[in-house]
Amino acid sequence: MMKLLKNGKVYLLDRKKFVKSDVLISGKIIKKIAENISEKSAEEYDCTGLHIFPGFVDMHCHLRDPGFTSKEDIESGSLSAAKGGFTSVCCMPNTKPAIDNISTINYVSRKARDVGKTKIFVIGAMSKGIEGKEIANIGSMVKGGVVAISDDGNCIQDTNLTLNVMRYASTFNIPIIVHPEDYSLSGKGQVNYGFMSTKLGLEGIPSLSEEMIVSREIMLAEVTNSHVHLAHLSTKRAVKMVRRAKADGINVTAEVTPHHLILTEKACDGLDTNTKMKPPLRTEEDRQALIEGLLDGTIDAVATDHAPHLDYEKELEFPKAPFGIIGFESAFPVIYTKLIKTGVMNLEQLIEKMVINPAKIINKDLGKIQEGAKADLNAIDLNESFIFTKDEILSKSKNSPFIGEKFFGKIKMTICDGKFTWKE
Amino acid sequence: MINKINLTGRCLFDLDDYSPAEIETIFETTKVMKKIIQRDYKKVPTLNGKTVCTLFFEDSTRTRISFELAAKRLSADVISFAKKGSSLKKGETLQDTIYTLDAMGIDLYIIRHESPGAPALVNRYTGKPVLNAGDGPHAHPTQALLDMFSIWEKKDSLKGLKIVIVGDILHSRVVRSNLIGMKKMGAKVIVCGPRTLMPPKVDDVYGVIPEYDLNKAVQNADVIMALRMQLERQEQGLFPSLGEYSKYYGLNNRVMKYAKNDVLIMHPGPMNRGVEILPEVADSEHSIIIAQVTNGVAVRMALLFLILGGKIGREVK
Ligand SMILES: [Zn+2]
């Protein structure tokens, strides 16, 4: 049966703004967008007061499947993403086994199709077993459908291996996503090296640890002519280096997470392990630089780095707890409340960072609200506020520093491939 | 009347949530406790029937003995738990361990742990008062209290004193608590050591001045505290050798000339004689290093007494 979304404010790609319209969905496709569509055979949904966005695209998340399905699996991850308004997500390969081979890629893709709640694009490993020793079978993985390669949290330290991975990958025109971290500098660090590491007596992760690899990858991207995407930037100097590299015409792109845009190391005071993440939360100066970089185009995308861990793993002494927080269900409300409602950025910029640019980086034709396009969209009540509670989280894990906070921007429905994947 | 401030049921994670008046109360009580342990019969029945548990996940015989002695002198029962040989090695979590112990009826916990924040976790699990006996490099408030008491006893107040702490500032839990406490009591504090052993933003965090030249740092100092230098830091490449360290940051008679005539010399122990402190200084009339140890027991008695609700006057005097 066709679906007719009535009276929403719809983001029209061709006009790049929100216009009051009706949207008629037939099967997987947007059939018609116009004012006052009447279609007897369609089921109507009143979207008065709602904004209809193209479905969000998360280019960096962890679904923990296979291997760590008690934290999350493809089903719970997909539901959580759908509730957050995402219609496409890209999952990182640090699973068990690692996603460095066709059969694991097929496992993820098949399971994603069976669940059918969100489009899942697979990111393959850069090195076999993400061990940083040998180049992974990148060609086969590209054939198997991966949209990028990355060793994510296991940033390859060996410069020569990284160089060869980039040279090799450039043959297949695939972006290389790098989690920039020099382990000789980050060591056993727990929080930002600076005020908080001193105050809390925890070992620090210096900004330099990120900047060393950012600068290395920029140089390697230049000499290999490959596309390097720098994950979750966190420091002022890293933003500056990417800005300069882009000006020099080097093919680099970058992302930032909602939490690095909103929180600073101050959040770690009190030692809540839900503020423990990599890269660590940095200073206000860094945060301002990230926002500036996002607005001037240095940073292309906002990605959640959704990293589920269970309560019992996080409820440990700070140094023993794992790094990372969940992100799907808070991403939009957090950014909307803290950056858009406060006038730092606008909705159109958000669509660029959460839909258009990530789709471009992974070379997928996604997130277009126009006739004939795939019906991937969501409807949000920007005026409705709510408290972000543990009970309502659909992810298997609840590790979020935002629990208990009040946000605006309630996601009322998500439609992926013409089907409701979330509906309040 | 010294016991007007009530500390019953309080935890001591670090000195930041204790007011100057509360710290004064602890000092006044310590003075009384010190009298008790200087008597022939060193025991009072004040905490009869109370049970105190020491949880040492990290070895520190000195601190543990000091706490246990303090509890015993107040007639509390003491249970000690050490990580060695416990089921923790078999994957039992801190939480499980605490729940098991708590079922045995404990009134107060004393914990030493390698993770910052562990004492607060024990309090969260049990709801009982917890004394932090050192949580990683984060805090060691009872050591700071005994250091501060040792100064207070000699100088009557910390207000306006120039205190220099020299050595491995970065890894020292003693320093952090001392900086908070000494600043709170009105002292001017200078931290001194090589740049590789200085924590970042130490001035922003504590409002103290870092100084890298020891001769400059100790000018007109009222108190100089040397910290133990661990060989491990040399292996980590943070300084080249003990010899070179001693040359630039060791307390010797030459350095002492810059300080005030009545300067106090302190060290949390155990000392590396000839490294951070030379015997000529450690054994001089300026040194109050031995008094620090005695004061350690007295300060801990005072804390147990105040927190477990002992009454001064009736039993103690
Ligand atoms: Zn990462």
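See above for the structure.
Every value quoted in this text rests on a predicted model; they were computed, and no experiment measured them.

Q: Before we go on, may I ask you to explain the overall build of chain A in this structure?
A: The helix and strand tally for chain A stands at 13 helices and 18 strands. On C-alpha atoms alone, chain A measures out to a radius of gyration of 21 Å, which is about the 22 Å that the 2.2 N^0.38 rule sets for 424 residues. In terms of overall dimensions, chain A has a C-alpha envelope of 65 × 45 × 45 Å along the principal axes. Counting over 424 residues, chain A shows a buried share of 62%. Considering only contacts within chain A whose residues lie at least 6 apart along the sequence, 75% involve residues at least 24 apart. Carbon and sulfur atoms make up 48% of the accessible area of chain A, which amounts to about 15800 Å² in all. Side chains of chain A give 55 positive and 55 negative charges; the mean places of these two sets differ by 3 Å.

Q: So what exactly am I meant to see when it comes to the sheet that holds strand 2 (residues 77-82) of chain B here?
A: What links the strands of a sheet is backbone hydrogen bonding, and the strands pair in either a parallel or an antiparallel sense. Residue and element names in this part refer to chain B. With parallel pairing, the four strands of this open sheet are ordered in space as 2-1-3-4. Lying at the two open borders of the sheet, with one neighbouring strand each, are strand 2 and strand 4 (130-135). Mean inter-strand twist for the sheet, computed between neighbouring axes without regard to direction, equals 10 degrees. Pairing of strand 1 (residues 51-56) with strand 3 (residues 108-113) involves five bridges; the strand directions are parallel. Considered in strand 3, the bridge of F56 is made with R112. Each of strand 1, strand 2 and strand 3 is contacted by helix 3 (residues 94-102), which is oriented at about 155 degrees to strand 3, the strand it contacts most.

Q: Could you clarify how one ought to interpret the pairing of strand 1 (residues 3-12) of chain A in this entry?
A: Look at any regular strand and the pattern is simple: side chains alternate between the two faces of the sheet. All names here are of chain A. Most of strand 1 is tucked away, with eight of its 10 residues classed as buried. With four bridges joining them, strand 1 and strand 4 (residues 43-46) adopt parallel strand pairing. Looking at the pairing, K6 lines up with D46 of strand 4. Of the strand pairs in this sheet, strand 1 and strand 2 (residues 17-26) are connected by eight bridges, and their pairing is antiparallel. By the bridge assignment for strand 2, L12 is matched with K17. Bridge analysis of strand 1 against strand 5 (residues 51-54) gives two bridges, and the strand direction is parallel. Bridging from a neighbouring strand, V10 pairs with I52 of strand 5.

Q: How do you make sense of the pattern of salt bridges when you look at a structure like this?
A: The tally for this structure, following the rule as stated, stands at 36 salt bridges over all chains. For D22 of chain A, the salt bridge is made with K6 of chain A, and the minimal N-O distance between the two is 2.7 Å. Here D22 of chain A is found in strand 2, whereas its partner K6 of chain A is found in strand 1, with 16 residues between them in sequence. The exposure class assigned to D22 of chain A is buried, which follows from its relative accessible area of 1%. The exposure class assigned to K6 of chain A is buried, which follows from its relative accessible area of 13%. For the salt bridge of E58 of chain B with R173 of chain B, the shortest nitrogen-to-oxygen distance reads 3.1 Å.

Q: Help me understand the coordination of the zinc ion in this model?
A: Four donors placed tetrahedrally about a metal ideally form angles of 109.5 degrees, and six donors placed octahedrally ideally form angles of 90 or 180 degrees. Residue and element names in this part refer to chain A. Bound to the zinc ion are the protein donor atoms D152 (OD), H179 (ND1) and H232 (NE2), situated 2.1 to 2.6 Å from the metal. All donors of the zinc ion belong to a single chain; written as a sequence motif, their spacing is D-x26-H-x52-H. With H179 in the loop between strand 10 (176-178) and helix 5 (183-186) and H232 in the loop between strand 13 (228-230) and helix 8 (236-247), the pair connects residues that are 53 residues apart, well separated along the chain. As far as the burial class goes, H179 and H232 line up, both buried.

Q: What am I meant to see in the interface of chain B and chain A here?
A: Many descriptions give the size of an interface as the accessible area lost when the pieces come together. Contacts between the two partners involve 20 residues from chain B, matched on the other side by 16 residues from chain A. Interface of chain B and chain A: buried area, both sides summed, is about 1400 Å²; carbon and sulfur atoms make up 63% of it. The largest contributions to the chain B side of the interface with chain A come from P116, P200 and V205 of chain B, which together make up 34% of the buried area. Elements with a contribution of two residues or more to the side of chain B that touches chain A: helix 4 (118-126) and helix 7 (202-206) of chain B. Among the residues forming the side of chain B that touches chain A, the class breakdown is 11 nonpolar, four polar and five charged.

Q: Explain the sheet that holds strand 9 (residues 264-266) of chain B here, please?
A: Residue and element names in this part refer to chain B. Ordered by their spatial adjacency, five strands build an open sheet running 7-6-5-8-9, and the pairing between neighbours is parallel. Every interior strand has two partners, whereas the edge strands, strand 7 (209-211) and strand 9, have only one. The average undirected angle you get between the axes of adjacent strands in this sheet is 20 degrees. Contacts from helix 5 (residues 141-155) reach strand 5 (162-166), strand 8 (223-226) and strand 9, with the element oriented near 165 degrees to strand 9.

Q: Explain the nonpolar core here, please?
A: Generally speaking, a soluble globular protein has its nonpolar side chains buried in company with each other. F53, L233 and L261 of chain A together with I165, M182 and L304 of chain B are the most contacted members of the largest nonpolar core, which totals 176 residues. Sequence-distant contacts of L304 of chain B, that is, excluding residues within four places in its chain, are made with L47, V52, F67, A70, A71, L74, L108, I110 and L131 of chain B. The next biggest cluster of nonpolar side chains, apart from the first, holds 26 residues, and it includes L214, L251, I265 and V275 of chain B.

Q: Please clarify how the side chain of D135 of chain B should be interpreted in this entry.
A: All names here are of chain B. Topologically, D135 is positioned in strand 4. The buried charged residue D135 lacks any salt bridge partner; its closest oppositely charged side chain belongs to R173, at an N-O distance of 6.3 Å. Within the local environment of D135, its side chain forms a polar contact with the side chain of H138, the two groups lying 2.8 Å apart. Here the side chain of D135 touches A139 through a polar contact of 3.0 Å, landing on its backbone nitrogen. Not counting residues within four places of it along the chain, the set of residues in contact with D135 comprises H113, E114, S115, P116, G117, A118, P119 and R173.

Q: Looking at this structure, I do not really get the pairing of strand 16 (residues 377-387) of chain A. What am I missing?
A: All names here are of chain A. Strand direction decides the pairing type here: strand 5 and strand 16, joined by four bridges, are antiparallel. Bridging across to strand 16, H51 finds its partner in I380. Sheet topology note: the strand 16/strand 17 (residues 406-416) ladder contains eight bridges and is antiparallel. Looking across to strand 17, one finds that I387 is bridged to K406.

What counts, and at which threshold
Residues numbered from 1 in each chain as written. Chains lettered and ligands numbered in written order. Predicted model: local features only at pLDDT ≥ 70, side-chain atom pairs only at ≥ 80, totals over all residues. Heavy atoms only, no water. Helix = DSSP H or I, 4+ residues; strand = E, 2+ residues; numbered from the N terminus. Rg over C-alpha atoms; globule rule 2.2 N^0.38 Å. Buried < 20%, exposed > 50% of the residue type's maximum accessible area, 1.4 Å probe, protein only. Contact = heavy atoms within 4.5 Å. Areas by Shrake-Rupley, 256 points an atom, 1.4 Å probe, with all protein chains shown as cover. Lys, Arg positive; Asp, Glu negative; His and termini not counted. Charge placed at Lys NZ, Arg CZ, Asp CG, Glu CD. Pairing = 2+ DSSP bridges. Axes fitted to C-alpha atoms, helices over the stretch in contact; angles between N-to-C directions. Salt bridge = Lys/Arg side-chain N within 4 Å of Asp/Glu carboxyl O. Donors = N, O, S within 2.8 Å, 3.2 Å for Na, K, Ca; no water. Buried area = accessible area lost by both parts, 1.4 Å probe. Nonpolar A, V, L, I, M, F, W, Y, C, P; charged D, E, K, R; others polar. Core = buried A, V, L, I, M, F, W, Y, C linked by side-chain atoms within 4.5 Å. Polar contact = N/O pair within 3.5 Å; in protein donor to acceptor, adjacent residues only side chain to side chain.

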